[in-house]
Amino acid sequence: MSALIPLTAIPYPVPEPAKRFQAPSRQSSSSAQASPKRSSVAVIFGTRPEAIKLAPVIQALNMQEQAIRCVVIATGQHSRLVQPVIDLFGMRVDYNLSLMQPGQSPNTLTARAMTALEPILAQEKPDAVLVQGDTSSALAAALTAFHLRIPIGHIEAGLRSGDATNPFPEEMNRRLITNVASWHFAPTGANRRQLLAEGVAAKTIFVTGNPVVDAFLTIRRRVPATERLRDILRQAGSRRILVVTMHRRENLGEVMAGCLKALRQFVQRHADVELVFPMHPNPAVRSVADAVLGNTERVQLVEPLDYPDFLALLSRAWLIASDSGGVQEEAPALRKPLLILRETTERPEAVQVGAARLVGTSPRRLAAMLESAYVDESWHGRLRTIINPFGRGKSAVRIVAALAKVLGVSLRKEAA
Ligand code: UDP
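In short, a report on the structure. Treat the numbers as computed from the prediction; the structure is a model and nothing was measured. (Residues numbered from 1 in each chain as written. Predicted model: local features only at pLDDT ≥ 70, side-chain atom pairs only at ≥ 80, totals over all residues. Heavy atoms only, no water.)

**Observations concerning the site of the ligand**
Logical step 1: Lining the immediate environment of the ligand, one finds 14 residues, of which Arg248, Leu305, Gly325, Gly326 and Glu330 sit closest.
Logical step 2: Leucine 305 has a polar backbone atom sitting 2.7 Å from a nitrogen atom of the ligand.
Logical step 3: In this structure, glycine 326 approaches the ligand through a main-chain N or O atom, which is 2.6 Å from an oxygen atom.
Logical step 4: If the ligand stood free it would expose 530 Å²; the protein chains cover 92% of that surface.
Logical step 5: Listed by contribution, the elements that provide at least two residues to the shell around the ligand are helix 2 (48-62), helix 12 (307-316) and helix 13 (325-334).
Logical step 6: Within the shell around the ligand, the residues separate by chemical class into seven nonpolar, four polar and three charged. (Near = heavy atom within 4 Å. Polar contact = N/O pair within 3.5 Å; in protein donor to acceptor, adjacent residues only side chain to side chain. Areas by Shrake-Rupley, 256 points an atom, 1.4 Å probe, with all protein chains shown as cover. Helix = DSSP H or I, 4+ residues; strand = E, 2+ residues; numbered from the N terminus. Nonpolar A, V, L, I, M, F, W, Y, C, P; charged D, E, K, R; others polar.)

**Topic: the pairing of strand 1 (residues 39-45)**
Walk down a regular strand and you will see the side chains alternate between the two sheet faces.
Logical step 1: Among the seven residues in strand 1, seven count as buried, and that is most of the element.
Logical step 2: The alternating pattern of strand 1 places Ser39, Val41, Val43 and Phe45 and Ser40, Ala42 and Ile44 on opposite faces, both of which are buried.
Logical step 3: Strand direction decides the pairing type here: strand 1 and strand 2 (residues 68-74), joined by seven bridges, are parallel. Residue pairing for strand 2: valine 41 is matched across the bridge by cysteine 70.
Logical step 4: Between strand 1 and its parallel partner strand 2, the chain crosses via helix 2, and the hand of that crossover is right-handed.
Logical step 5: Relative to strand 4 (residues 128-132), strand 1 is paired through three bridges, and the arrangement is parallel. Paired with valine 43 across the bridge in strand 4 is leucine 130. (Buried < 20%, exposed > 50% of the residue type's maximum accessible area, 1.4 Å probe, protein only. Pairing = 2+ DSSP bridges. Right-handed = clockwise from strand over helix to strand, strands pointing away.)

These results come straight from atomic positions and should not be treated as a statement about function.
Dropping the structure here:
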């Protein structure tokens, strides 16, 4: 179901100056605890990773619909990549804002999202808004809710690369969301410590794991790979599959060209390696990928894969090279070695458990690390025993249980 309401101006309370980490709450926690009731929660997402990570949370909320009414809003930031995820998880989307426009800047998108979200939130009056991660949609949703004095729950809170402009603008987005959120669902203990170090109140932080693991486990168990993936695998034959994804804004242009050249030279040096690159639809990614990797033997440039196919491809990978955030969480879940094509990472846990190595974006360093992975037979073996630092697939129920607690509603037992 999808409904757009007219974007008329609806009056809303003028916000008081924000007090750090004292985000608005509609009721005191004591009165909330004392009066079990039905609450409503608006879940807002815009991009593929947000949809993947919020799908299990929405499912867990729907399991508790007697206690919590869940309103799902898609901004449409990346509509083409998100719709397959919506279909895959059978999500009911109550509002689809269809905000996707080619080449729009973070400012334009954020402004348009806030303008479109305000009347919907003002009409729905949810008791809380849930946002995930660090996208412009998440920031826009959090700011809109803040201005309407609706408490915000931030999923995947406390991640920091330590560099305000890398990844850009995501690192700043998540820092800003922290400042307006009432509740922080931190994937790991390190994320919790980071939030505490920034002055966030301990009682507002819940360590939950990352619901990407829930999504991953659900899909891997239930959804078989398609003929399209089988074709890709057939073409690769018995060669070692090197899966590449690269799309981050700060890597576009020269940086990406340098990395892709190093990858091409590596493939050309090793006849037993096949590179598979599911390309992000961003034209800036495609033009560089085509220019550097097009018409190269043992290189497959393919359209984005549906999530089950992508996971199946990762599970067949010999090595992954990626600048993606989500892939840094999936590699340890799959026990696959990953070279991170970024200068910094906000997920050092993947490096600490030995699943990932931080390459940076120097082509020379990438070339050296590819060669080292090629000769290092032991890396795969060591991964067999790692424990995934991002959780075991129970994050969504933990998030919903914590949310129910702060909202003062009682859950049916199985999800508490
Ligand atoms: N992904 C997918 N198909 C693809 C490439 C990636 O389903 O062809 C999934 C991947 O498994 C991960 C998510 O998309 O869960 C990552 O999204 P992306 O790399 O766009 O964003 P980031 O994680 O960097 O924010």
